[in-house]
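# Architecture at a glance
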Amino acid sequence: GHTPDFRKQWYQRRVREYQKVFERYNTLRKFHYVLLGLGTDGHTASHFPKSRTLGHTPDFRHVVVESGVVSPERMTVSFDLINRSDWVSILVTGEGKRDIIRSIKDGEVYPVSLVSNAQLTWFLDEILL
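This text gives an overview of the structure that appears in the document. Just so it is clear, the structure is predicted and the values come from calculations on it, not from any experiment.

## Re the pattern of salt bridges
Within the structure shown, the criterion is met by eight salt bridges. For arginine 84, the salt bridge is made with aspartate 59, and the minimal N-O distance between the two is 2.4 Å. Taken together, the residues span a long stretch of sequence, with arginine 84 in helix 2 (residues 79-84) and aspartate 59 in the loop between strand 2 (51-56) and strand 3 (60-65) at a distance of 25 residues. Aspartate 99 is paired through a salt bridge with arginine 102; the nearest N and O atoms lie 3.3 Å apart. Placement of the pair is aspartate 99 and arginine 102 together in helix 3 (residues 98-105), with a separation of three residues, close to one helical turn. Salt bridges here are not isolated pairs; linked through shared partners, they connect Arg29, Asp59 and Arg84.

In structure tokens, the structure reads:
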């Protein structure tokens, strides 16, 4: 395997490259539509409760997830980019999400709570209502 420094440098180069390409072909620096999911721990878009950002550009992040997931290092988009999008939806399915939905409704704060797009729509399984 590669050393942590090698992986960090590799991801940070990719994040910078993504930012350059994104800005070149998307001068408004936003998406028309973003569809997100929700994890049982309140994570979305690879932003977990115990993740930390190792490198970033204005729109993209290199994060490390500290919760024992299979691929702890990831690239993702920033909440700023998500929130600048024209529309955002969060799709939540399965009875296993009942507790996290209840906690969110009760005002607890999770990474998904940072999604604050004006055109945000939640789609919940009927079992979660």
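## Observations regarding the environment of serine 113
Locating serine 113 in the fold gives a position in the loop between helix 3 and strand 6 (120-124). Overall, serine 113 belongs to the partly exposed group, its relative accessible area being 32%. Note: C-alpha distance between serine 113 and glycine 42 (71 residues apart in sequence) is 8.2 Å.

## Let's talk about the packing of aromatic side chains
Scanning the model with the defined rule gives four aromatic pairs in all. For the ring pair tryptophan 10 and tyrosine 11, a centre distance of 5.0 Å and an interplane angle of 90° mean the geometry is edge-to-face. Between phenylalanine 22 and phenylalanine 60 the ring centres are 5.4 Å apart and the planes differ by 90°, which places this aromatic pair in the edge-to-face class. You can see phenylalanine 22 sitting in helix 1 (residues 4-25) and its partner phenylalanine 60 sitting in strand 3, a full 38 residues away along the chain. For phenylalanine 22, a relative accessible area of 10% corresponds to the buried category. Assessed through its relative accessible area of 7%, phenylalanine 60 is described here as buried. Every member of this aromatic cluster is reached through a ring pair, and the members are Tyr18, Phe22, Phe31 and Phe60.

## Quick look at the sheet that holds strand 1 (residues 33-36)
In spatial order, the strands read 1-5-6; together these three strands make up an open sheet with parallel pairing. At either end of the open sheet lies a strand with only one pairing partner, and these are strand 1 and strand 6. Taken over all neighbouring pairs, the strand axes of this sheet differ in orientation by 15° on average, direction set aside. Bridge count between strand 1 and strand 5 (residues 87-92): four bridges; the pairing is parallel.

## Examining the side chain of serine 89
By secondary structure assignment, the location of serine 89 is in strand 5. Assessed through its relative accessible area of 4%, serine 89 is described here as buried. Each residue touching serine 89, except ones within four places of it in the same chain, is listed here: Tyr33, Val34, Leu35, Leu36, Thr121 and Phe123.

## Examining helix 1
Between its terminal C-alpha atoms helix 1 stretches 32 Å, which fits the 32 Å expected from 22 residues at 1.5 Å a residue. Within helix 1, burial applies to Tyr11, Gln12, Arg14, Val15, Gln19 and Phe22. Down the axis of helix 1, the sector holding all buried residues measures 160°, keeping them to one side. In helix 1, the exposed positions that point more than 90 degrees away from the buried face belong to Asp5, Lys20, Arg24 and Tyr25. In this structure, the buried side of helix 1 is in contact with strand 2, strand 3, strand 4 (73-77) and helix 2.

Thresholds, definitions, all that
Residues numbered from 1 in each chain as written. Predicted model: local features only at pLDDT ≥ 70, side-chain atom pairs only at ≥ 80, totals over all residues. Heavy atoms only, no water. Salt bridge = Lys/Arg side-chain N within 4 Å of Asp/Glu carboxyl O. Helix = DSSP H or I, 4+ residues; strand = E, 2+ residues; numbered from the N terminus. Buried < 20%, exposed > 50% of the residue type's maximum accessible area, 1.4 Å probe, protein only. Phe/Tyr/Trp six-rings, centres within 6.5 Å; stacked < 30°, edge-to-face > 60°. Pairing = 2+ DSSP bridges. Axes fitted to C-alpha atoms, helices over the stretch in contact; angles between N-to-C directions. Contact = heavy atoms within 4.5 Å. Expected span 1.5 Å × (residues − 1). Arc of directions from axis to C-beta.

From the geometry alone we can't say anything about function, so treat these as descriptive.
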